[in-house]
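So you can see what is in the structure, the chains are spelled out below.
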Amino acid sequence: MTDTTSQSRSPLAMFFSLGFRPFFLGAALWAVLVMALWLAQMFDVLALPIGFDPVSWHAHAFLFGYLSAVIAGFLLTAVPNWTGRAALSGAPLTALFLLWILGRLAVLTAMWWPAALVIALDLAFLAAVLIWLLREIIAGQNWRNLIVVAMLLAFLGGNAVFHFEAAGGEYAAQGVGLRIGISAAVMMVAVIGGRIVPAFTRNWLVKQGSAVLPAPVMAGFDKIALLALLVAMISWLVAPYMALTGGLLLLAGCLHLLRLGRWAGRLTLAEPLVVILHLGYAFVPVGAVAIGLGILGFGNGAAAQHLWMAGALGVMTLAVMTRASLGHSGRALISDPVTVGIYAAIVISVILRWLAGNWPEQQGILHAVSGAVWIIAFGGFALSYGAMMIRPKADQS
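This report concerns the structure included in the present document. These numbers come from a predicted model, not from an experiment. (Residues numbered from 1 in each chain as written. Predicted model: local features only at pLDDT ≥ 70, side-chain atom pairs only at ≥ 80, totals over all residues. Heavy atoms only, no water.)

1. Thoughts on a nonpolar patch on the surface
Next up, step 1: A grouping of Leu-227, Leu-230, Val-231, Ile-234 and Val-238 is seen on the molecular surface, where their side chains present a nonpolar patch of about 450 Å² in accessible area.
Next up, step 2: Relative to the elements of secondary structure, Val-238 occurs in helix H9 (residues 220–238). (Patch = residues over 30% accessible without salt bridge, like charges linked within 9 Å, V, L, I, M, F, W, Y side chains within 5 Å. Areas by Shrake-Rupley, 256 points an atom, 1.4 Å probe, with all protein chains shown as cover. Salt bridge = Lys/Arg side-chain N within 4 Å of Asp/Glu carboxyl O. Helix = DSSP H or I, 4+ residues; strand = E, 2+ residues; numbered from the N terminus.)

Rendered as structure tokens:
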């Protein structure tokens, strides 16, 4: 049956009908713009009126700018399924999206405004999402997901600390605020990814008639692995250069590699939409091991940090954005060549960015190529998936 009401809605109304539409497209476009501006700054093509040093602005724009939009798009779309309550849409969703844009513009032009105004505008968006999320969980009595509230609160706190460190003249790109934000975000991948990766893998394998399925979600081993990662993250926050922290990160990384191995990802190579979820999650343990080794004197710890920021966060969010956009717009959950190209580009970008930190002689060219491939990945998403954001669900057409 055709939904004539949906069909009659304007593209703008469709765009603000569900959270993934504005926030996933906005996040992708922001990822493209920020990388282009970062490369222009790096090669002295332009100077931006930012309030941070260039490296700190680059880190903030991706971690707290890009990622906050993806988190909002995911939660605004998923939480109604968790609670059974109506999704945010229309004017309230539009206002929330504009608040995110205001925060991005405020940080991008911070030299033109009082620091307090910039901080307030940037933090207001995440605070609004947090308040909405807490209200929905309480109203829907969905107590299981209070952990998401805690992780989002930590992420918001990391953003606040980052701002105050930068305002105090500290190098925020290596400060506590950044580590809080990264830790909260990686824990989100570990917790939420630990639910959706095996679930989507199981769904696909069942359709293929596979006798082998992922291990049960949140079994005893999963809880041990998550606790180990949490302890390692706390140690990394308070003592990022201690040998104990390096050891804890190595332990957590090994446990999460074993956890990932229990999800039967090796059987999903025929469907990139599923494989990319496993690849994205793999950067959680790979990043933990690489950072742990860096702390212990083996390798570049700062470069390894990008395995979490660009790898675990960049690859996993792009994987979720493509899959959710297809599913919630009524398209078949099958990857086309463009989607496969997007996935290849983001993984290549992460590898090149890690190499840049470990190969100083070629750092400039590796940064440039990594950034260009990153732009291809997110620009490809915006071009290929953008039309879905303004159209009715395919099964309503």
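Back to the text.
2. Quick look at empty space enclosed by the protein
Next up, step 1: Applying the stated criterion to the full structure yields 1 cavity of 30 Å³ or more.
Next up, step 2: The calculated volume of the largest cavity comes to roughly 250 Å³.
Next up, step 3: Residue lining of the largest cavity: 15 residues in total, with Phe-74, Met-188, Val-189, Ile-192 and Thr-317 positioned closest to the centre.
Next up, step 4: Secondary structure elements with two or more residues in the lining of the largest cavity: helix H4 (54–83), helix H8 (176–207) and helix H12 (301–328).
Next up, step 5: At 6 residues, the largest contribution of residues to the lining of the largest cavity is made by H8.
Next up, step 6: Of the residues in the lining of the largest cavity, the class split is 13 nonpolar, 2 polar and no charged. (1 Å grid on protein atoms, 1.4 Å probe; cavity = no way out; pocket = protein on both sides within 12 Å on 5 of 7 lines; lining within 4 Å. Points joined across faces, edges and corners; volume = space filled by probe spheres on them. Nonpolar A, V, L, I, M, F, W, Y, C, P; charged D, E, K, R; others polar.)

3. A few points about unusual backbone geometry
Next up, step 1: For Asp-44, which is not a glycine, the phi torsion comes out positive at approximately 60 degrees.
Next up, step 2: Inspection of the secondary structure assignment puts Asp-44 in the loop between helix H3 (20–42) and H4.
Next up, step 3: Although it is not a glycine, Gln-141 sits at a positive phi angle of roughly 50 degrees.
Next up, step 4: Within the element layout of this structure, Gln-141 appears in the loop between helix H6 (115–139) and helix H7 (146–167).
Next up, step 5: Its relative accessible area of 59% is what places Gln-141 among the exposed residues. (Buried < 20%, exposed > 50% of the residue type's maximum accessible area, 1.4 Å probe, protein only.)

4. What about the side chain of Arg-259?
Next up, step 1: Tracing the chain through its elements places Arg-259 in helix H10 (residues 243–261).
Next up, step 2: Its relative accessible area of 0% is what places Arg-259 among the buried residues.
Next up, step 3: In terms of polar contacts, Arg-259 uses its side chain to reach the backbone carbonyl oxygen of Ala-190, at 2.9 Å.
Next up, step 4: A distance of 2.6 Å separates a polar atom in the side chain of Arg-259 from a polar atom in the side chain of Tyr-281.
Next up, step 5: If we ignore the near neighbours within four places in the chain, the residues touching Arg-259 are Ala-190, Gly-194, Met-218, Phe-221, Asp-222, Ala-225, Leu-226 and Tyr-281. (Polar contact = N/O pair within 3.5 Å; in protein donor to acceptor, adjacent residues only side chain to side chain. Contact = heavy atoms within 4.5 Å.)

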